[in-house]
Amino acid sequence: MLGRIMDKPLLISSLLQHADFTSGDREIVTRTVEGPIHRYTYRDAHKRARQLAKALQALDVKLGDRIATMAWNTHRHFEIYYAVSGIGAVTHTLNPRLHSSQLTYIMNHAEDSFVFVDLNLVSLIENVADELRGLKGVIVMTDREHMPETGLSNVYCYEELIEGHSDDLTWPEFDEKTASSLCYTSGTTGNPKGALFSHRSTMIHAYASALPDVLHMGESEVILPVVPMFHVNAWGIPYGATMVGAKLVFPGPKLDGASIHELLVNEGVTLAAGVPTIWLMLLAHWRETSSNAPSLKRTVIGGSACPESMIREFQDDYGVEVRHAWGMTETSPLGAISIPKPSMTDETKRLRLQAKQGRPVFGVEMRITDDAGKPLPHDGKAFGDLQVRGPWVIDNYFKMEESEAHDAEGWFATGDVATIDPEGYMEITDRSKDVIKSGGEWISSIEIENLAMGHPDVAQAAVIGIPHPKWDERPLLVIVPAEGKTPSHAEMTAFLSDKLAKWCLPDDTVYIDALPLGATGKILKTELRAQFGDHQLPEA
Ligand code: ADP
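The residue numbering used here restarts from 1 in each chain and proceeds along that chain's sequence as written. Predicted model: local features are reported for residues with pLDDT of at least 70 only, side-chain atom pairs are reported and counted for 80 or more only, and whole-chain, interface and lining totals are derived from all residues. Based on all heavy atoms of the structure, the side-chain values leave hydrogens and waters out of the count.

Novice: What is the right way to look at the overall build of the chain in this model?
Specialist: When helices and strands are counted, the chain shows 16 helices and 25 strands. In this setup the radius of gyration rests on C-alpha atoms only. A globule is expected at 2.2 Å times the number of residues raised to 0.38. The globule rule puts the C-alpha radius of gyration for 540 residues at 24 Å, and the 23 Å found for the chain is close to it. A principal-axis box enclosing the C-alpha atoms of the chain has dimensions of 75 × 60 × 50 Å. We call two residues in contact when some of their heavy atoms are within 4.5 Å. Nonlocal contacts in the chain, meaning residues at least 24 apart in sequence, comprise 66% of its contacts between residues at least 6 apart. Note on areas: these come from Shrake-Rupley sampling with a 1.4 Å probe, and a residue is covered only by the protein chains present in the view. Total accessible area computed for the chain in this model is approximately 22,900 Å², and 50% of it derives from carbon and sulfur atoms. Placing the 49 positive and 73 negative side-chain charges of the chain at their respective mean positions leaves the two points 4 Å apart. Only DSSP runs of H or I covering at least 4 residues are called helices, and only runs of E covering at least 2 are called strands; the numbering of each starts at the N terminus. Charged residues are defined narrowly, with Lys and Arg counted positive, Asp and Glu counted negative, and His plus the chain ends left uncounted. Taken as the charge location is NZ of Lys, CZ of Arg, CG of Asp or CD of Glu.

Okay, here's the thing in structure tokens:
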């Protein structure tokens, strides 16, 4: 027997429509690409999103068409999210840090018909435009006054496009399983692959993300997503925050410590989200200027492992609670979040748990398996391949016939290696391709990195495996020293030796000015291996 409940589809447009109705005067603030701070309300955003939707329909954009964006986090990008998905087209977010050959590949693979581009990123589209097969037009996200000179054809001015249309539009209704947005993973191996989200998956993810023990979003929060809208939809914040009518603050192109600090303070931000590298810059700024942001209650840190030293600094020095989260493009991205249970009162143990990637968010099932696919125990010691499934986890990549990453029961192999403890906390020990295999044992590069980052003379640390005639591989510690310091290998060994098993201690330490980062701010271990792979380890 079926329940007698209305079969209303879960559609993204309803989020903004609802925010207009219930929190219409709540602000959305942007540091614009042009420079000045722009502020308006959910009601204004909804009006302009409908105008833009009409403009897109006038350009003959139809259900399922892919519309690309090459843009920072701004109110205009927010409007595009809603206008494009709202009429059943697909927002395809592009990462400006991608190499032009990857950009061409992705845009042709997605068959993007239009691209919205920020003023200071126009050259990236100019570089590839000749090779884009399906592109019908480029919309520059600015007003007439700031329109750049460009050799691109079919160029539109964003503000003119909006002004040319009324907001007389009722959001269309269609199947909630309709694709809404597309995001390619940066593809450290092989070609990038597209994760194609649906209205349904986005909406359920938005509900889950807002919960108190997840991102804790509500109308009284002031939320600054530093994580880019081209990186898994800014972790879904533009949807979840709209669902609850929170004040939104968009940082535009300026992500340095001073610029982020200014927004935190001026706008009274209570919740901010981003990758560890962003917070390194902010914390350095706070240290240098003896400042902080009193309104900030929480930060969500994910995308890479958050070192324990960072959690400690935020919490102990500035009273900002850290929520360490794990996820990936393929999981929309929220998978797990680490918050100690109420029963866990011991401060040292709480901190240790926060450094883990945490318990699955309701909606996500999680397990670890051995090489034969057999589930491993949740004892906090056994580590294996992390697999997930749930209503916002991809069931295949865009345009792929078969997925090598899914098994017969629908589990998705994340490519991460992890443990799960009896309390349900998952901890990533490595990406499977970064694990260091030494004498038949596995050494976690992430664990050593986290510990090394706790040394006061270390600004950043990475660990890679170096080929070894006897042990297969041995760990090499790569350090970005703190200004004016050079901690010696002996000092680092002494620092790490009471925290790590002896056989896990790095064989040597080398120094680098800056760690190579990929398009989503993660350390490029491939480049470190290319640079240091031949490093001669000292004889034991
Ligand atoms: P890409 O795969 O394109 O680099 P993703 O954002 O999809 O970008 O990356 C997902 C991966 O990032 C995860 O599989 C995991 O290896 C890593 N990751 C994400 N969050 C964390 C975290 N909190 N700790 C450690 N690794 C993380």
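After that view of the structure, there is still more to cover.
Novice: Is there a simple way to explain the pairing of strand β4 (residues 90-93) in this structure?
Specialist: Within a regular beta strand, the side chains point alternately toward one face of the sheet and then the other, so they alternate between its two faces. Here β4 shows two buried faces, one formed by Val 90 and His 92 and the other by Thr 91 and Thr 93. Relative to β4, strand β3 (residues 66-70) is paired through four bridges, and the arrangement is parallel. Along β4, the bridge assignment pairs Ile 67 with Thr 91. Between the parallel pair β3 and β4, the chain is carried across by helix α3 (residues 75-86), and the sense of this crossover is right-handed. Here β4 runs beside strand β8 (residues 179-184); their pairing, made up of three bridges, is parallel. Paired with Thr 93 across the two strands is Cys 183, which belongs to β8. Throughout, exposure labels follow a simple rule: accessible area from a 1.4 Å probe, protein chains only, divided by the maximum for the residue type, with under 20% read as buried, over 50% as exposed, and the rest as partly exposed. In short, DSSP must find at least two bridges between two strands for them to pair. When the strands point away from the viewer and the path from the first strand over the helix to the second turns clockwise, the crossover is right-handed.

Novice: Hey, could you run me through the packing of aromatic side chains in this one?
Specialist: A ring pair, where both rings are aromatic, is described by two values, the distance of the centres and the angle of the planes. Here a Phe, Tyr or Trp ring, Trp counted by its six-membered ring, pairs with any other such ring whose centre lies within 6.5 Å, and the pair is stacked when the planes are under 30 degrees apart, edge-to-face when over 60, and tilted otherwise. Per the stated rule, a full pass over the model turns up twelve aromatic pairs. Following the ring pairs from residue to residue traces out a cluster consisting of Tyr 42, Phe 78, Tyr 81, Tyr 82, Tyr 239 and Phe 250. Lysine NZ or arginine CZ positioned within 6 Å of the ring centre and within 35 degrees of the ring normal marks a charge as sitting over the ring. Geometry around Tyr 397 places Lys 193 over its ring, the cationic atom sitting 5.4 Å from the centre. The ring of Phe 495 carries Lys 499 above its face, with NZ or CZ at 3.7 Å from the centroid.

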